[in-house]
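Architecture and fold: a report
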Amino acid sequence: MTEPATGMTLRHRDGQRFRFDAGALCLELLLTGGPGPVAAHYEVLDRVEGLLDWIRECRLAPGLDVTVTAPELAAVRDVRDALWRLAEARASGAAWDRCDPRDLGIVNAAAAHPPLVARITADGTRAWAPGATGTGLLATLARDAVDLLTGPHADRIRVCGSGNCALLFVDTSRPGRRRWCSMDRCGNRHKVRAHRARTHPEGEA
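Owing to the predicted nature of the structure, the values given are computational and were not obtained by experimental measurement. (Residues numbered from 1 in each chain as written. Predicted model: local features only at pLDDT ≥ 70, side-chain atom pairs only at ≥ 80, totals over all residues. Heavy atoms only, no water.)

Regarding the overall build of the protein chain
Each helix and strand in the protein chain was counted, giving 7 helices and 8 strands. Per-residue burial for the protein chain yields a buried fraction of 40% across its 205 residues. In the structure as shown, the protein chain presents an accessible area of about 11,700 Å², 52% of it carried by carbon and sulfur atoms. (Helix = DSSP H or I, 4+ residues; strand = E, 2+ residues; numbered from the N terminus. Buried < 20%, exposed > 50% of the residue type's maximum accessible area, 1.4 Å probe, protein only. Areas by Shrake-Rupley, 256 points an atom, 1.4 Å probe, with all protein chains shown as cover.)

See below:
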């Protein structure tokens, strides 16, 4: 029960707001933080409210009322960090045998639980079934990751082409030539630098 990929509005540390389409629900989860140095700069999943805020912004259909316990929140962080490492490995072209089996085990264990459930309401619309839990949310996220990492777009997971941007996305464009997290952000900055290089060659006054 997911909506078409429309992207999320991000705010860079320099204050700029821009739209970013990760191309997959599981990769949107990476926007909440990450392992190692990523967490030192940005971490949303240090509190349940941070996860709930992310749910309202991600591509899951609206109206999800989910109860998340502290252990479930910790499990979401574990899966997110495992996904970071797996997605980065795929983006770099690493073979599966170079991936940490512990990361695969974390994702597979989460995917083994029942996912979120949708239902048809009396007026014929779709809604989330009541009683949604953090474990069900995590199963939905992990199953999305399994679909991505084993599906036709597994080889189209990319890291933004900017040298100082670590955003990961799956290139779902027909030609498969997407390079930037967003043309409004890194793509535009590359165009500006390229234009300056053409119009003001190095050494020219």
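A look at the side chain of Asp 81
In this structure, Asp 81 sits in helix α4 (residues 70–91). We classify Asp 81 as buried; its relative accessible area is 16%. In this structure, Asp 81 is in contact with Gly 34 and Pro 35, ignoring residues within four places of it in sequence. (Contact = heavy atoms within 4.5 Å.)

A short note on the environment of Leu 167
Tracing the backbone through its elements, the reader meets Leu 167 in the loop between β7 (157–159) and β8 (168–170). Along the backbone, Leu 167 and Glu 88 are 79 residues apart, and their C-alpha atoms lie at a distance of 9.9 Å. Not counting the four nearest positions on each side in its chain, Leu 167 is found in contact with Leu 10, Phe 18, Phe 20, Leu 31, Arg 158, Val 159, Cys 160 and Cys 181.

As for the packing of α4 against helix α5 (residues 101–111)
Between α4 and α5, the shortest axis-to-axis distance is 9 Å and the interhelical angle comes to 130°. Put simply, α4 runs oblique to α5. With respect to the hand of their crossing, α4 and α5 are arranged in left-handed fashion. Residue-level contacts link Asp 78, Val 79, Ala 82, Leu 83, Arg 85 and Leu 86 of α4 to Asp 103, Leu 104, Ile 106, Val 107 and Ala 110 of α5. For the contact of α4 with α5, the residue count by class is 8 nonpolar, no polar and 3 charged. (Axes fitted to C-alpha atoms, helices over the stretch in contact; angles between N-to-C directions. Parallel < 35°, antiparallel > 145°, perpendicular 65-115°, else oblique. Left-handed = near helix turned anticlockwise from the far one by under 90°. Nonpolar A, V, L, I, M, F, W, Y, C, P; charged D, E, K, R; others polar.)

Considerations on the pairing of strand β2 (residues 17–20)
Here β2 shows a buried face lined by Phe 18 and Phe 20 and an unburied face lined by Arg 17 and Arg 19. As paired strands, strand β1 (residues 8–11) and β2 are joined by 4 bridges and run antiparallel to one another. Its bridge partner lying in β2, Arg 11 is registered against Arg 17. (Pairing = 2+ DSSP bridges.)

As for the packing of α4 against helix α6 (residues 134–150)
For the pair α4 and α6, interaxial distance at closest approach is 10 Å and the crossing angle is 10°. When the axes of α4 and α6 are compared, the pair comes out roughly parallel. Contacts between α4 and α6 involve Glu 72, Ala 75, Val 76, Val 79, Leu 83, Leu 86 and Arg 90 on the former and, on the latter, Gly 134, Thr 135, Leu 138, Ala 145 and Leu 149. Here the residues of the contact of α4 with α6 are counted per class, giving 8 nonpolar, 2 polar and 2 charged.

Let's talk about the environment of Asp 65
In this structure, Asp 65 sits in the loop between α3 (48–57) and β3 (66–67). Residues Asp 65 and Ala 129, 64 residues apart in the sequence, show an inter-C-alpha distance of 8.9 Å.

Here we look at the nonpolar core
Grouped together as the largest cluster of nonpolar side chains are 56 residues, with contacts concentrated most on Phe 20, Leu 27, Leu 51, Trp 54 and Leu 83. Of all the secondary structure elements, the ones that give two or more residues to this core are β1, β2, α1 (25–28), α3, α4, α5, α6 and β8. With 9 residues, α4 is the largest single contributor of residues to this core. If near-sequence neighbours (up to four positions away) are discounted, Trp 54 is found in contact with Met 8, Leu 25, Glu 28, Leu 29, Thr 32 and Leu 141. (Core = buried A, V, L, I, M, F, W, Y, C linked by side-chain atoms within 4.5 Å.)

Quick word on the pattern of salt bridges
For the structure on display, the rule yields 8 salt bridges. Arg 85 is the salt-bridge partner of Asp 103, the closest N and O atoms lying 2.9 Å from each other. Of this pair, Asp 103 sits in helix α5 while Arg 85 sits in helix α4, and the two are 18 residues apart along the sequence. Look at the salt bridges and you will find they share partners, linking Asp 21, Glu 28 and Arg 59 into a network. (Salt bridge = Lys/Arg side-chain N within 4 Å of Asp/Glu carboxyl O.)

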